Amino acid sequence: MLAGNWQARRAEAKRALGAEFEQALRAAPVELPATGNVIHKRVAARGRFVAEHTVLLDNKLRRGRAGYEVLTPLRLAGSDWHVLVNRGWVAAAASRDVLPEIGTPAAEQRIEGIALERVPHALQAGAASAGKVRQNLELAAFAAETGLRLQPFVIEQHSESDDGLARDWPRPELGVERHESYALQWYSFAALAIALLVVLSFRRDGAR
């Protein structure tokens, strides 16, 4: 029963997180830099992209096509702080040895999107790779590698930009249904145990 209650609470917490995410998509953006927690909130940042530190996250699928998600730090206007922006998706070339051309605006930009705690993480065998193409990227390690002062979140860009990147972001998989299923299983086990206890109790009473 306790395990079922725990799974039910997890499902409810993730359902609330999903509602928070949907609300953030409709809310006015919080302008960066900002005080307080902005995770899962709609944010806006003005600054210039640091194109030389662009990273391509490999093995990202859209409609059955393989490609990359394009991550570029944005230096915030009037500051030495940067924020990493997941700018969108680009298809991979037929040859994996050929990287796609990524157009990065040189002029100051205003980016809007959702602030996420980290870059989406993929399963990876062995140590994390470096270089332009990677499987994963950790914010703290990337800040140390580049020497950039990075905000502790990444912006999933939703605003339009003339860069040829797709920004039809999938909704985050929160696993609510999985927790609900586990809770139902645990409640079923508890009900079965109670029923067996009752049956065995009657049998013992009848045998006396």
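Definitions and limits used
Residues numbered from 1 in each chain as written. Predicted model: local features only at pLDDT ≥ 70, side-chain atom pairs only at ≥ 80, totals over all residues. Heavy atoms only, no water. Patch = residues over 30% accessible without salt bridge, like charges linked within 9 Å, V, L, I, M, F, W, Y side chains within 5 Å. Areas by Shrake-Rupley, 256 points an atom, 1.4 Å probe, with all protein chains shown as cover. Salt bridge = Lys/Arg side-chain N within 4 Å of Asp/Glu carboxyl O. Helix = DSSP H or I, 4+ residues; strand = E, 2+ residues; numbered from the N terminus. Buried < 20%, exposed > 50% of the residue type's maximum accessible area, 1.4 Å probe, protein only. Pairing = 2+ DSSP bridges. Phe/Tyr/Trp six-rings, centres within 6.5 Å; stacked < 30°, edge-to-face > 60°. Lys NZ or Arg CZ within 6 Å of the ring centre and 35° of its normal. Polar contact = N/O pair within 3.5 Å; in protein donor to acceptor, adjacent residues only side chain to side chain.

Caption draft 1: View of a nonpolar patch on the surface. A contiguous nonpolar patch, built from Ile194, Val198 and Phe202 and spanning about 310 Å² of accessible area, is present on the exposed surface. Here isoleucine 194 lies in helix α3 (residues 176-207).

Caption draft 2: Region of interest: the pairing of strand β6 (residues 109-116). Here β6 lies mainly inside the structure; seven of its eight residues are buried. When strand β2 (residues 42-49) meets β6, the two strands line up antiparallel, connected through six bridges. Bridging across to β6, glycine 47 finds its partner in glutamine 109. Where β6 and strand β8 (residues 149-157) come together, four bridges link them in antiparallel fashion. Following the sheet pairing, isoleucine 114 is matched in β8 by glutamate 156.

Caption draft 3: Structural view of the packing of aromatic side chains. Taken as a whole and assessed by the stated rule, the structure comprises zero aromatic pairs. A cation sits over an aromatic face here: arginine 87 above phenylalanine 49, 4.8 Å from the ring centre.

Caption draft 4: Region of the structure containing the environment of arginine 134. Mapped onto the fold, arginine 134 is located in strand β7 (residues 133-134). Separated by 76 residues in sequence, arginine 134 and aspartate 58 have C-alpha atoms that sit 5.8 Å apart.

Caption draft 5: Fine view of the pattern of salt bridges. Considering all chains together, one arrives at twelve salt bridges under this definition. Glutamate 69 serves as the salt-bridge partner of arginine 62, at 3.2 Å between the closest nitrogen and oxygen. Each member of the pair, arginine 62 as well as glutamate 69, is classed as buried. Glutamate 145 is paired through a salt bridge with arginine 134; the nearest N and O atoms lie 2.6 Å apart.

Caption draft 6: Highlighting the side chain of histidine 82. Within the element layout of this structure, histidine 82 appears in strand β5 (residues 81-91). A polar atom in the side chain of histidine 82 sits 3.3 Å from the backbone oxygen of aspartate 80.

Caption draft 7: Up close: the pairing of β5. With ten of eleven residues buried, β5 lies mostly within the body of the structure. Here strand β4 (residues 65-76) pairs with β5 via nine bridges, running antiparallel. Opposite arginine 75, over in β5, you have histidine 82 as the bridge partner. Here β4 folds back onto β5 in antiparallel fashion, the turn holding four residues, of which glycine 78 has a positive phi close to 70°. Sheet analysis places β5 next to β8, joined by five bridges and oriented parallel. In the strand pairing of β8, asparagine 86 is matched with glutamate 156.

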